[in-house]
Amino acid sequence: MIRIVGRLAIALFLAVLASAIPASIVQTQINLSRLIDFGAPVSPGIGALTTAQDIAFFGPVMAAITAAAFLPAFLAAWLVSRVLPPARVPIHMLAGAASLWTAFELMGFFTPMPTFVAAVRTLDGLLTLSSTGLIGGAMFAFLTKRHAEHAAART
């Protein structure tokens, strides 16, 4: 039992990283693009440095948001995929994207600042950032495939 929980925790951790790092990069690029639209001089070097800094400093925040979103979403996806085993990967991918969308929307209601993650102020940004959950959902589904097959064989 402890081994199974450990494997699931590692799979969740890797899925969170697989979504949080691209989400951090996407968020940075959206924000830099908006600065450029305002006429700010953003060289490729500054863009690359800003992206690296955001991965290092915003990345952990994005990882916390992603982990909080993924945990209940992947539990629900696991329950649904037990009924629809062939659709297991797309179910987890959808759960990952929908959970990030939900997290960003809920944060908009409960955080004191107008938008905690600036890139989700527009529908395009919200869609793009939420879509990084597809990566984590697929990663979690693939990493837990053996566990799911074993659980299905027991029922």
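Residues numbered from 1 in each chain as written. Predicted model: local features only at pLDDT ≥ 70, side-chain atom pairs only at ≥ 80, totals over all residues. Heavy atoms only, no water.

Enquirer: Help me understand helix H1 (residues 2-37), please; the structure alone is not making it clear to me.
Expert: Three or four residues apart is the spacing at which side chains of an α-helix point the same way, because the helix has 3.6 residues per turn. Taking 1.5 Å of rise per residue, the 36 residues of H1 would be expected to cover 52 Å, and the 52 Å separating its terminal C-alpha atoms lies within 8% of that figure. Looking one or two residues beyond H1, the residue adopting positive phi is Gly-39, at roughly 95°. (Helix = DSSP H or I, 4+ residues; strand = E, 2+ residues; numbered from the N terminus. Expected span 1.5 Å × (residues − 1).)

Enquirer: I would appreciate a short explanation of the confidence of the model for the chain in the present structure.
Expert: Regions with low pLDDT carry predicted coordinates that are not meant to be interpreted in detail. Predicted confidence across the chain gives a mean pLDDT of 90, with 91% of residues reaching 70 or more. Predicted confidence in the chain is weakest over helix H6 (residues 145-154), with a mean pLDDT of 64, and strongest over helix H3 (residues 59-83), with 96. (pLDDT = per-residue confidence, 0-100.)

Enquirer: Sorry, what's going on with the packing of H1 against H3 here?
Expert: Any two packed helices are characterised by how steeply their axes cross, that is the angle between the axes, and by the distance between the axes. Put simply, H1 and H3 touch, their axes get as near as 8 Å, and they point 130° apart. Taken together, the axes of H1 and H3 are oblique relative to one another. Relative to H3, the crossing made by H1 is right-handed. From H1, Leu-12, Ala-15, Val-16, Ser-19, Ala-20, Ala-23 and Ser-24 reach across to H3, where they touch Gly-59, Met-62, Ala-63, Thr-66, Ala-67, Phe-70, Leu-71 and Phe-74. In terms of residue class, the contact of H1 with H3 is built from 11 nonpolar, 4 polar and no charged. (Axes fitted to C-alpha atoms, helices over the stretch in contact; angles between N-to-C directions. Parallel < 35°, antiparallel > 145°, perpendicular 65-115°, else oblique. Left-handed = near helix turned anticlockwise from the far one by under 90°. Contact = heavy atoms within 4.5 Å. Nonpolar A, V, L, I, M, F, W, Y, C, P; charged D, E, K, R; others polar.)

Enquirer: Any chance you could explain a nonpolar patch on the surface here in plain terms?
Expert: A surface patch of nonpolar side chains, amounting to about 710 Å² of accessible area, comprises Ile-10, Phe-13, Leu-14, Leu-17, Ile-21, Ile-25, Ile-55, Met-139 and Leu-143. Mapped onto the nonpolar patch, the elements with two or more residues apiece are H1 and helix H5 (123-143). Considering each element in turn, the nonpolar patch owes the most residues, 6 residues, to H1. For Ile-21, the position within the fold is in helix H1. For Ile-21, a relative accessible area of 38% translates into the label partly exposed. (Patch = residues over 30% accessible without salt bridge, like charges linked within 9 Å, V, L, I, M, F, W, Y side chains within 5 Å. Areas by Shrake-Rupley, 256 points an atom, 1.4 Å probe, with all protein chains shown as cover. Salt bridge = Lys/Arg side-chain N within 4 Å of Asp/Glu carboxyl O. Buried < 20%, exposed > 50% of the residue type's maximum accessible area, 1.4 Å probe, protein only.)

Enquirer: What exactly am I supposed to notice about the packing of aromatic side chains here?
Expert: The way to describe two aromatic rings as a pair is by their centre distance and the angle between their planes. Using the criterion set out here, one finds 2 aromatic pairs in the structure. Here Phe-74 and Phe-140 contribute two aromatic rings whose centre-to-centre distance is 4.6 Å and whose plane-to-plane angle is 20°, an arrangement assigned as stacked. You can see Phe-74 sitting in helix H3 and its partner Phe-140 sitting in helix H5, a full 66 residues away along the chain. The exposure classification of Phe-74 matches that of Phe-140, with both residues buried. Taken together, Phe-70, Phe-74 and Phe-140 form an aromatic cluster joined through their ring pairs. (Phe/Tyr/Trp six-rings, centres within 6.5 Å; stacked < 30°, edge-to-face > 60°.)

Enquirer: What is the right way to look at H3 in this model?
Expert: Here H3 contains 25 residues, and its C-alpha end-to-end distance of 35 Å stays within 8% of the 36 Å for a straight helix at 1.5 Å per residue. At Phe-70, H3 shows its largest bend, some 30°, and a proline, Pro-72, comes one to four positions later. Turning to H3, its buried residues number three or more, namely Gly-59, Met-62, Ala-63, Ile-65, Thr-66, Ala-69, Phe-70, Ala-73, Phe-74, Ala-77 and Ser-81. Elements that come into contact with the buried residues of H3 comprise H1, helix H2 (44-57), helix H4 (88-110) and H5. (Bend = angle between axes of the 7 residues up to and from the residue.)

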